[in-house]
Amino acid sequence: MLRLDSVHAGYGQIEVLRGVQLNVERGEIVTLIGANGAGKSTTLLAVSGIVHVRSGTISFEGKSLAGLRSHEVTSLGIAHVPEGRRIFKSLTVLENLRMGAFQRHDNPGIAQDIEKVFSLFPVLGERKRQLGGTLSGGEQQMLAIGRAVLARPRLLLLDEPSLGLAPLVTQTIFSVVRELNAKEGTTVLLVEQNARLALDTASRGYVLEIGRVVAEGPSRQLLTDPRVIEAYLGEA
Ligand SMILES: Nc1ncnc2c1ncn2[C@@H]1O[C@H](COP(=O)(O)OP(=O)(O)O)[C@@H](O)[C@H]1O
Ligand SMILES: [Mg+2]
């Protein structure tokens, strides 16, 4: 479904991605783990058309994403939930969700999907007229994911959904991610610093170090890989 081939990308003179190679098949949850600064967010930004790809190719459902703007990538069926959950703080929960549907015109479908988000995250339904900026961190993360759901993505790019959240809230969010994958068939590329959580959620994973994939495989295998244990999982 998604394929990155020898992708090089960066900022100004700095090269961050140095030949990233990965693929995600339809229906999978795949995780990308790695230390702070490895280039995980940059990888997602490159897929989304926000960071320019210098060389290499990214394709989605067989089509190259080269040169596409981020709204064009979204319209192909890819939704990106960025690190730091950039919701609109001065818009209500409902307005934030409607922003996620800005490229859709099927009002009944949009209303249905808003109800779906409220059933996935009941607290958002309770707070639908509240301003985004007044929500807790966990609720803002739920809203950011809900807003992505409103784009009806076939591929969801999730960047550090657990960052700064309490374990219980993280559990809620991850169980919704699994549910979106299992019930809606949404494919997920998950970037997550908590490597154990990431590998428990995904069926496969890639380990990124300084802009390159240095290990990959089924999660079960990565969870028992001594290098992965030493660098990312700590002592069991
Ligand atoms: N907007 C930017 N301008 C310049 N350098 C950046 C920018 N964003 C990230 N970087 C640098 O790119 C590298 C990779 O960052 P990032 O992809 O955010 O890593 P990760 O998500 O794995 O923590 C880091 O060294 C970071 O400082
Ligand atoms: Mg990051």
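Just so it is clear, the model here is predicted, and its values are computed rather than measured. Residue positions are given per chain, counted from 1 along the sequence in the order it is written. Here the convention is simple: chains get letters from A, ligands get numbers from 1, in the order in which they are written. With pLDDT at 70 or above as the cut-off, local features in this predicted model cover only qualifying residues; side-chain atom pairs require 80 or more to be listed or tallied, and sums for whole chains, interfaces and linings still use all residues. Just so you know, side-chain values use all the structure's heavy atoms and leave hydrogens and water out.

1. As for the sheet that holds strand 4 (residues 53–60)
At least two DSSP bridges between two strands are required for those strands to pair. Only runs of H or I of at least four residues qualify as helices and only runs of E of at least two qualify as strands under DSSP, and these elements are numbered from the N terminus. Strands sit in the order 2-1-4-5 across an open sheet of 4 strands; the sheet is antiparallel. Because the sheet does not close on itself, it has two edges, and the strands there are strand 2 (14–24) and strand 5 (63–64). Strand direction decides the pairing type here: strand 4 and strand 5, joined by 2 bridges, are antiparallel. Across the sheet, residue Phe60 finds its bridge partner in strand 5, namely Lys63. In this description, contact between two residues means that some pair of their heavy atoms is separated by no more than 4.5 Å. To get an axis, a line is fitted to the C-alpha atoms, and for a helix only the part in contact is used. The angle between two axes follows their N-to-C directions and goes from 0 to 180 degrees. Each of strand 1 (2–11), strand 2 and strand 4 is contacted by helix 1 (residues 40–47), which is oriented at about 70° to strand 2, the strand it contacts most.

2. Some words on the site of ligand 1
Proximity criterion: a residue is near a molecule or strand once any of its heavy atoms comes within 4 Å of it. As a matter of local geometry, ligand 1 sits amid Tyr11, Val16, Ala35, Asn36, Gly37, Ala38, Gly39, Lys40, Ser41 and Thr42. A distance of 2.7 Å separates an oxygen atom of ligand 1 from a polar atom in the backbone of Gly37. We call two N or O atoms a polar contact when they sit within 3.5 Å, provided that within protein one can donate a hydrogen and the other can accept it, with sequence-adjacent residues counted only if both atoms are side-chain atoms. Taking Lys40, its side chain carries an N or O atom lying 2.8 Å from an oxygen atom of ligand 1. Calculation of accessible area relied on Shrake-Rupley with a 1.4 Å probe; when residues are assessed, cover is drawn exclusively from the protein chains displayed. Protein chains bury 59% of the 560 Å² of accessible surface belonging to ligand 1 in isolation. Counting residues per element, the shell around ligand 1 draws most heavily on helix 1, which supplies 3 residues.

3. Overview of the coordination of the magnesium ion (ligand 2)
With water omitted from the atoms examined, metal sites may look incomplete; donors here are N, O and S atoms no farther than 2.8 Å from the metal, or 3.2 Å in the case of Na, K and Ca. The coordination sphere of the magnesium ion (ligand 2) contains the protein donors Ser41 (OG) and Glu83 (OE), at a distance range of 2.0 to 2.2 Å. In this pair, Ser41 sits in helix 1 while Glu83 sits in the loop between strand 6 (78–81) and helix 3 (93–100), placing the two residues 42 residues apart along the sequence. Only protein chains enter the accessibility calculation, which uses a 1.4 Å probe. A residue is then buried if its area is under 20% of the maximum for its type, exposed if over 50%, and partly exposed in between. Given the relative accessible area of 31%, Glu83 is considered partly exposed.

4. Structural notes on the nonpolar core
Note on terminology: a nonpolar core comprises buried Ala, Val, Leu, Ile, Met, Phe, Trp, Tyr and Cys residues joined through side-chain atoms within 4.5 Å. Within the largest apolar cluster, 46 residues are counted, with the highest numbers of intra-cluster contacts made by Leu97, Phe121, Leu124, Ile145, Leu156, Leu158 and Val228. It is helix 6 (residues 137–149) that provides the largest number of residues to this core, a total of 6 residues. Aside from chain neighbours lying at most four places away, what touches Val228 is Ile33, Leu199, Val207, Leu222 and Leu233. Within the second largest apolar cluster, 28 residues are counted, among which are Val7, Ala9, Leu155 and Leu208.

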